[in-house]
2 protein chains.
Amino acid sequence: MAEPSGRTFSETDEEIMKATYRALREYGYADLTIKRIAAEYGKSTAAIHYHYDTKEELLAAFLDYILNRFVASIREIETTDPEQRLTVLLDKLLVAPQENPDLSVALLEMRSQAPYNEAFAERFRQNDEYVRYLVKAVINHGIDENAFADVDADRVTRSLLTIVEGARTRSVVFDDVSEYERARATAEEYVDATLRRVDA
Amino acid sequence: MAEPSGRTFSETDEEIMKATYRALREYGYADLTIKRIAAEYGKSTAAIHYHYDTKEELLAAFLDYILNRFVASIREIETTDPEQRLTVLLDKLLVAPQENPDLSVALLEMRSQAPYNEAFAERFRQNDEYVRYLVKAVINHGIDENAFADVDADRVTRSLLTIVEGARTRSVVFDDVSEYERARATAEEYVDATLRRVDA
DNA sequence: CATTTTTGACTGACTAGTTAGTAAGTTCGG
DNA sequence: CCGAACTTACTAACTAGTCAGTCAAAAATG
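Keep in mind that what you see is a predicted model, and the values were worked out from it rather than measured.

(A) Looking closely at the interface of chain A and chain B. Contacts between the two partners involve 40 residues from chain A and, on the opposite side, 40 residues from chain B. Interface of chain A and chain B: buried area, both sides summed, is about 3300 Å²; carbon and sulfur atoms make up 61% of it. At the surface where chain A touches chain B, the tally comes to six salt bridges. Between glutamate 165 of chain B and arginine 170 of chain A there is a salt bridge; the shortest N-O distance is 3.6 Å. The interface formed by chain A and chain B includes 13 residue pairs in polar contact (both at pLDDT 80 or more). Every element with two or more residues in the side of chain A that touches chain B is listed here: α6 (101–112), α7 (118–144), α8 (153–173) and α9 (178–194) of chain A. Among the elements that take part in the side of chain A that touches chain B, α8 of chain A stands out by supplying 13 residues, more than any other. A per-class count over the side of chain A that touches chain B returns 19 nonpolar, nine polar and 12 charged.

(B) Summary view of the protein's contact with DNA strand C. Around DNA strand C, the surrounding shell holds 15 residues, and the nearest of these are Lys43, Ser44, Tyr50 and His51 of chain A together with Lys55 of chain B. Within the backbone of isoleucine 34 of chain B, one N or O atom sits 3.2 Å away from a phosphate oxygen of DNA strand C. Among the elements that take part in the surface near DNA strand C, helix α3 (residues 45–51) of chain A stands out by supplying four residues, more than any other. Taken together, the residues of the surface near DNA strand C sort by class into seven nonpolar, six polar and two charged.

(C) Main features of the environment of alanine 137 of chain A. All names here are of chain A. As for its position among the elements, alanine 137 is in helix α7. Residue class for alanine 137 comes out partly exposed when judged on its relative accessible area of 34%. Along the backbone, alanine 137 and aspartate 154 are 17 residues apart, and their C-alpha atoms lie at a distance of 9.4 Å.

(D) Region of interest: the packing of α8 of chain A against helix α8 (residues 153–173) of chain B. Contact pair α8 of chain A / α8 of chain B: the axes reach a minimum separation of 7 Å and the direction vectors enclose 90°. When the axis of α8 of chain A is compared with that of α8 of chain B, the two are roughly perpendicular. The segment α8 of chain A lies against α8 of chain B, with Leu161, Thr162, Ile163, Glu165, Gly166, Ala167, Thr169 and Arg170 of chain A engaging Leu161, Thr162, Ile163, Glu165, Gly166, Ala167, Thr169 and Arg170 of chain B. Here the contact of α8 of chain A with α8 of chain B is built from residues that sort into six nonpolar, six polar and four charged.

(E) Representation of the UniProt feature "DNA-binding region" (unreviewed entry) in chain A in the model. The sites that carry the UniProt feature "DNA-binding region" (unreviewed entry) are, in the present numbering, residues 33–52 of chain A. Secondary structure content for residues 33–52 of chain A is 75% helix and 0% strand, and the end C-alpha separation is 13 Å.

(F) Representation of the side chain of glutamate 179 of chain B within the structure. By the secondary structure assignment, glutamate 179 of chain B is in helix α9 (residues 178–194). Judged by its relative accessible area of 2%, glutamate 179 of chain B is buried. A polar contact is formed between the side chain of glutamate 179 of chain B and the side chain of arginine 170 of chain B, at a distance of 3.3 Å. Excluding residues that lie within four positions of it along the chain, glutamate 179 of chain B makes contacts with Thr162 of chain A together with Ala167, Arg170 and Ser171 of chain B.

(G) Structural view of the nonpolar core. Membership of the largest hydrophobic core comes to 72 residues, with the highest contact counts inside it found for Met17 of chain A together with Met17 of chain B. Once residues lying within four places of it in the same chain are set aside, the contact partners of methionine 17 of chain A are Phe9, Tyr52, Leu58, Ala61, Phe62 and Tyr65 of chain A. Grouped together as the second largest cluster of nonpolar side chains are 60 residues, Leu94, Phe148 and Leu160 of chain A together with Leu94 of chain B included.

(H) Focus on the relation of the copies chain A and chain B. Under the fitted operation, chain A is carried onto chain B by 0.0 Å of movement along the axis and a turn of 180°, and the coordinates agree to an RMSD of 0.0 Å. Such a combination of turn and shift is consistent with a two-fold rotation axis. Measuring from the rotation axis to each C-alpha of chain A, the shortest distance belongs to glycine 166 of chain A, at 1.7 Å. Both copies share a contact surface, since 100% of the interface residues of chain A are interface residues in chain B too.

Cut-offs applied
Residues numbered from 1 in each chain as written. Chains lettered and ligands numbered in written order. Predicted model: local features only at pLDDT ≥ 70, side-chain atom pairs only at ≥ 80, totals over all residues. Heavy atoms only, no water. Contact = heavy atoms within 4.5 Å. Buried area = accessible area lost by both parts, 1.4 Å probe. Salt bridge = Lys/Arg side-chain N within 4 Å of Asp/Glu carboxyl O. Polar contact = N/O pair within 3.5 Å; in protein donor to acceptor, adjacent residues only side chain to side chain. Helix = DSSP H or I, 4+ residues; strand = E, 2+ residues; numbered from the N terminus. Nonpolar A, V, L, I, M, F, W, Y, C, P; charged D, E, K, R; others polar. Near = heavy atom within 4 Å. Buried < 20%, exposed > 50% of the residue type's maximum accessible area, 1.4 Å probe, protein only. Axes fitted to C-alpha atoms, helices over the stretch in contact; angles between N-to-C directions. Parallel < 35°, antiparallel > 145°, perpendicular 65-115°, else oblique. UniProt positions renumbered as here; feature names shortened; annotations may be inferred. Core = buried A, V, L, I, M, F, W, Y, C linked by side-chain atoms within 4.5 Å. Least-squares fit on C-alpha atoms with pLDDT ≥ 70 in both.

Here it is as structure tokens:
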């Protein structure tokens, strides 16, 4: 499984990414302008255009930047016990957005643009594939170790990610962080009903 | 439980709503302009402004229009058997967007704007409350009739709606209509695990 | 080693295009 | 002939992107 975008950023590029990040959290995606990114960067708009020809190019780079960080954060998981590992993984998927609501809002805006922006679509798709790969691996590992019931790992993975996605969207639309807590409970219930072995 | 917005539309207003609907499906929310709505309406932009002072006002009216239609479509359900009724209800929630992908995309865009637009937020919230009320009523009815196990109806309802929301978002972001089918299966599994009485 | 040249990273001023919204005048049915 | 439903023409604001020129530091040159 290919890791998503091994792209690296120069120090200057990273500062622009950070400026974009701040502008995005402050104004949201719909009201994100080069001018505002430049203001956060502390330079002129032409300075931004010097590094990135178009806004689209910059935003594609930004998605690489932010999704790389996200992937790095879930790759940190060290636990090897399948059951625990699955819990930690779901936690990461649900707690990260909870801790940064403004970014979650902006990311949903960007996700909603995927149908109009192939660069966005590709990056989100690749990220999702990677997350799916990780979750599925944990489940398969659990099945192998007889910790989980012999389920269709792909199917269970997709169900869990649908629950996660639902919680993300609802927390943004209804401005309700408790959706994450609820989703964790739902996922837990779902895991209990499908994965938990009774013989344990 | 208050029914969402009993707002009515004059014939002229309805034509503008239909024009907005077409423009939205064609260009998406981010690229929706008064000019484009006017073009679909077949009149000048000033004609639109004659009926709606601001774009925001028009879009709030449009949300009333489209959410009213949605509510009307789920109020049609006649089945009384709780189990069947729940299935039909979930079907409506999942099949409607499947049959109109362009609108689903635009609606996700609008949902993602809720944090910046109180009028949007209020309408989506009200709509969600109504749907939640309906689903919860079916579940409670099923519990009363001993068709379902004695669960926390509110909790189960929220879980089901999270699954529905997740499927909607994923189908838009990943341009994959099969997410709905999968979500239906997940919901079914979830219902089986939590609601189905073994004694039946 | 001193000087010239090149280059990377910018700035300030600009353009062309688009946007929501306005104002004044026109058309037309009851 | 009045008022509802427009039209045409406009404005002010904002947008991404361009362009010519600046400036310091690195590289090349004599």
